[in-house]
Amino acid sequence: MTTLLTGARVLGGEVRDLAIEGGALVDPATVDRDAAETIDASGLVALPGLVDLHTHLRQPGGEQAETVATGVRAAAAGGYTCVFAMANTSPVADTPAVVEQVHRLGLEAGLATVRPIGAVSVGLAGERLADLGMLAGSAARVTVFSDDGHCVADAELMRRALEHAAALDAVIAQHAQDPALTRGAVMHESPLAAELGLTGWPSVAEASIVARDAMLAGAAGARLHVCHVSTVETVEVVRQAKARGIAITAEVTPHHLLLTEELVRGYDGRFKVNPPLRADRDVQALREALADGTIDIVATDHAPHAPEAKQTAFADAAFGMVGLETALGVVQQSMVETGLLDWAGVARVMSTAPAAIGREPGYDAPLEIGSPAHVVLVDPGARAVVEASSLKGRSANSPFLGVELPGRVLHVWHGGRRTVAGGEVVTGGAA
């Protein structure tokens, strides 16, 4: 079946037709228009399939919150065609058996490519280096390693991890959080934390680890990726490291582009996240850094939790928010509607750049003839209130419940296969 998309605004700019056939984009001029399925894409923005370098799918071990099948269903609904699944599962993804299981579950779900991330240390304990070479050589073909959820605090372990990664052309993604500076911390360190009686989380706990790791990466000739940058100070460290020629990349989450610590006033566990929501000055700095390229990509840090993990005292609530289905709308509101990014920029930070960092060929291609048919059609003029009942994942711990966001993902093709039609997921894995 050939599908013809007529009148799409490709990357938000040129209006032209796109044609999908056999898993690839083909020349619309060669298509038999009478035989093709035709979709009127007038007024819609065509983007390459989104790629998330930071997703928690919870399986194995956390199926009460999410499974690979439910996670990729949420991913497809949000416009994603490829997600990188973090290693903090149970058992931890520190062996070929676990990463291959996640890889296989992704193939079975079929709605998006699932690329497992391997652990840096055995059991995420930060004491002994995992066998990165064995994980890279597995059927899962691991290219990204991270202990996300835990900082690789030991400098010698981090140095060796970077050296091993350099030899594999892999990247180490660091969760930058000095554990000595964040004991018991649950929100941003500020006068508001003192007012609310909650233990504060200083900005320097993040920036200091990034500064150390940038120096280690430079010495090792390795690639370092900084997860969920959240502070002005960290932005400056990343900017300086790039200026020195260090191979460092960085991500920002959608929630850190829009939400601030003020939301913690209600002690609602939905707003507890690691790193915490910061001050308005941090939000503005993150937006500007994403616009100027200091921060390379948007990554969701999609972190599902069962209701009981969030519906408790704020200090006891689990860290994390779901974000796959709201990411594009948040980026449209915080970056496109503010004039900081155009839609071509959105494609860069949410598709091509994350694919390039993760060494995922085919997903870093533009919407050109011959490229794989990973395509998203977005209605930028639509607006809708986020409701728990509308979310396609297993958990609903979204900070945007009850919030109206712009844009709607209407259609998605993953390798030429239709995964979303008219805003609804076409097929899904088992619940």
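Residues numbered from 1 in each chain as written. Predicted model: local features only at pLDDT ≥ 70, side-chain atom pairs only at ≥ 80, totals over all residues. Heavy atoms only, no water.

## Let's talk about the nonpolar core
Rules: The definition of a nonpolar core used throughout is a set of buried Ala, Val, Leu, Ile, Met, Phe, Trp, Tyr and Cys residues joined through side-chain atoms within 4.5 Å. Throughout this description, buried means an accessible area under 20% of the type-specific maximum (1.4 Å probe, protein chains only), exposed means over 50%, and partly exposed covers the range between. Where helices and strands are cited, they refer to DSSP runs of H or I of at least four residues and of E of at least two residues respectively, numbered from the N terminus. For this analysis, residues touch if any pair of their heavy atoms sits within 4.5 Å.
Core analysis: the largest hydrophobic core is formed by 87 residues, its most contacted members being L47, I172, I248, L290, L328 and M350. For this core, the element with the most residues is helix 1 (residues 68–77), which contributes seven residues. For I248, the contacting residues outside a window of four places in its chain are V210, A214, L224, V226, V238, A241, K242 and D296.

## Here's the deal with the packing of helix 4 (residues 155–168) against helix 6 (residues 204–220)
For the record, the criterion: Convention adopted: a line fitted to C-alpha atoms gives each axis, helices being fitted over their contacting stretch, and angles between N-to-C directions are expressed from 0 to 180 degrees. Our angle categories are set so that under 35 degrees counts as roughly parallel, over 145 as roughly antiparallel, 65 to 115 as roughly perpendicular, and the remainder as oblique. In this scheme the crossing of two helices becomes right-handed for a clockwise turn of the near helix relative to the far one and left-handed for an anticlockwise turn of less than a right angle.
At their nearest, the axes of helix 4 and helix 6 sit 9 Å apart, and the two run at 40° to each other. As the angle between them shows, helix 4 and helix 6 are arranged oblique. Judged by the twist between their axes, the crossing of helix 4 over helix 6 is right-handed. Facing helix 4, whose interface residues are A155, M158, R159, L162, E163 and A166, helix 6 presents R212, D213, L216, A217 and A220.

## Let's talk about the side chain of S334
Looking at where S334 falls in the secondary structure, it is placed in helix 11 (residues 327–336). Sequence-distant contacts of S334, defined by excluding residues within four places in its chain, comprise L257, L258, R287 and L340.

## Thoughts on helix 6
Stated precisely, the cut-off is as follows: To estimate the expected span of a helix, subtract one from its residue number and multiply by 1.5 Å.
Given a rise of 1.5 Å per residue, 17 residues ought to cover 24 Å, and the 24 Å separating the end C-alpha atoms of helix 6 matches this to within 8%. Buried within helix 6 we find A205, E206, A207, I209, V210, R212, D213, A214, L216 and A217. Among the structural elements, helix 4, strand 10 (171–174), strand 13 (223–226), helix 7 (232–243) and strand 14 (248–252) are those in contact with the buried residues of helix 6. Phi turns positive one or two residues past the end of helix 6, at G221, with a value near 65°.

## Focus: the pairing of strand 8 (residues 113–116)
Note the following rule: Any two strands are treated as partners once DSSP identifies two or more bridges connecting them.
Neither face of strand 8 is exposed, since T113 and R115 on one face and V114 and P116 on the opposite face are all buried. For strand 7 (residues 80–85) and strand 8, the ladder comprises four bridges, and the chain directions are parallel. Looking at the pairing, V83 lines up with V114 of strand 8.

## Notes on the pattern of salt bridges
Should the charged atoms of two oppositely charged side chains come close, the side chains can pair. Counted only if it meets this: We define a salt bridge as a contact between a side-chain nitrogen of Lys or Arg and a carboxyl oxygen of Asp or Glu at a distance within 4 Å.
Across all of its chains, the model carries 21 salt bridges by this definition. Across the pair E108 and R104 runs a salt bridge whose closest N-O atoms are separated by 3.9 Å. In this pair, E108 and R104 are both assigned in helix 2 (residues 96–109), four residues apart and thus about one turn of the helix distant. Exposure remark for R104: the relative accessible area of 43% places this residue in the partly exposed category. As a salt-bridge pair, E163 and R159 come within 2.8 Å of each other at their nearest N and O atoms. Residue E163 and its partner R159 are both found in helix 4; the two are separated by four residues, about one turn of the helix. Relative accessible area serves as the criterion here: at 36%, E163 is assigned to the partly exposed category. Residues joined by salt bridges that share partners form a network here, namely E156, R159, R160 and E163.

## Here's the deal with the sheet that holds strand 8
With parallel pairing, three strands are arranged side by side in an open sheet as 6-7-8. Only two strands of the sheet have a single neighbouring strand rather than two, namely strand 6 (50–55) and strand 8. Averaged over all pairs of adjacent strands, the angle between strand axes in this sheet comes to 20°, irrespective of strand direction. Direction of pairing for strand 6 relative to strand 7: parallel, over a ladder of four bridges. Opposite V51, over in strand 7, you have C82 as the bridge partner.

## So, helix 2
Given a rise of 1.5 Å per residue, 14 residues ought to cover 20 Å, and the 20 Å separating the end C-alpha atoms of helix 2 matches this to within 8%. Within the span of helix 2, buried status applies to P96, V98, V99, V102, L105, G106 and A109. Tucked into the core, helix 2 has its buried residues touching helix 1, strand 7, strand 8, helix 3 (132–136) and strand 18 (417–421). Two residues or fewer past helix 2, G110 is found with a positive phi of approximately 75°.

## So, the packing of aromatic side chains
In this description, an aromatic ring pair is defined by two values, namely the gap between the centres and the angle between the planes. Under the convention used in this document: Stacked, tilted and edge-to-face are the three classes assigned to paired rings of Phe, Tyr and Trp, where Trp is represented by its six-membered ring and a pair needs centres within 6.5 Å; plane angles under 30 degrees give stacked, over 60 edge-to-face, the rest tilted. Placement of a charge over a ring requires the Lys NZ or Arg CZ to be within 6 Å of the ring centre, with the centre-to-atom vector within 35 degrees of the ring normal.
Summed over all chains, the structure comprises one aromatic pair. Directly above the ring of F314 sits K272, whose terminal nitrogen or CZ lies 6.0 Å from the centroid. Taking the ring centre of F319 as reference, the NZ or CZ of K272 above it sits at 4.5 Å.

## Thoughts on the pairing of strand 5 (residues 45–48)
Taking every second residue as pointing to the same face, both faces of strand 5 are buried, with V45 and L47 on one and A46 and P48 on the other. Two strands pair when backbone bridges link them, and strand 1 (residues 3–10) and strand 5 are joined in this way by two bridges, in the parallel orientation. Bridge assignment links V10 to a residue of strand 5, and that residue is A46. Note: strand 5 against strand 16 (residues 375–385), four bridges, orientation antiparallel. Opposite V45, over in strand 16, you have V378 as the bridge partner.

## Topic: the environment of R278
Positionally, R278 belongs in the loop between helix 8 (254–258) and helix 9 (280–292). Counting along the chain gives 114 residues from R278 to K392, while the straight-line C-alpha distance between them is 28 Å.

## Concerning the packing of helix 7 against helix 9
Rule in force here: Here the nonpolar group is Ala, Val, Leu, Ile, Met, Phe, Trp, Tyr, Cys and Pro; Asp, Glu, Lys and Arg are the charged ones; every other residue, Gly included, is treated as polar.
Two elements in contact, helix 7 and helix 9, have axes whose closest approach is 8 Å; the angle formed by their N-to-C orientations is 25°. When the axes of helix 7 and helix 9 are compared, the pair comes out roughly parallel. Together, V232, E233, V235 and R239 of helix 7 and R281, D282, A285, L286, A289 and D292 of helix 9 make up the contact between the two elements. Split by residue class, the contact of helix 7 with helix 9 holds five nonpolar, no polar and five charged.

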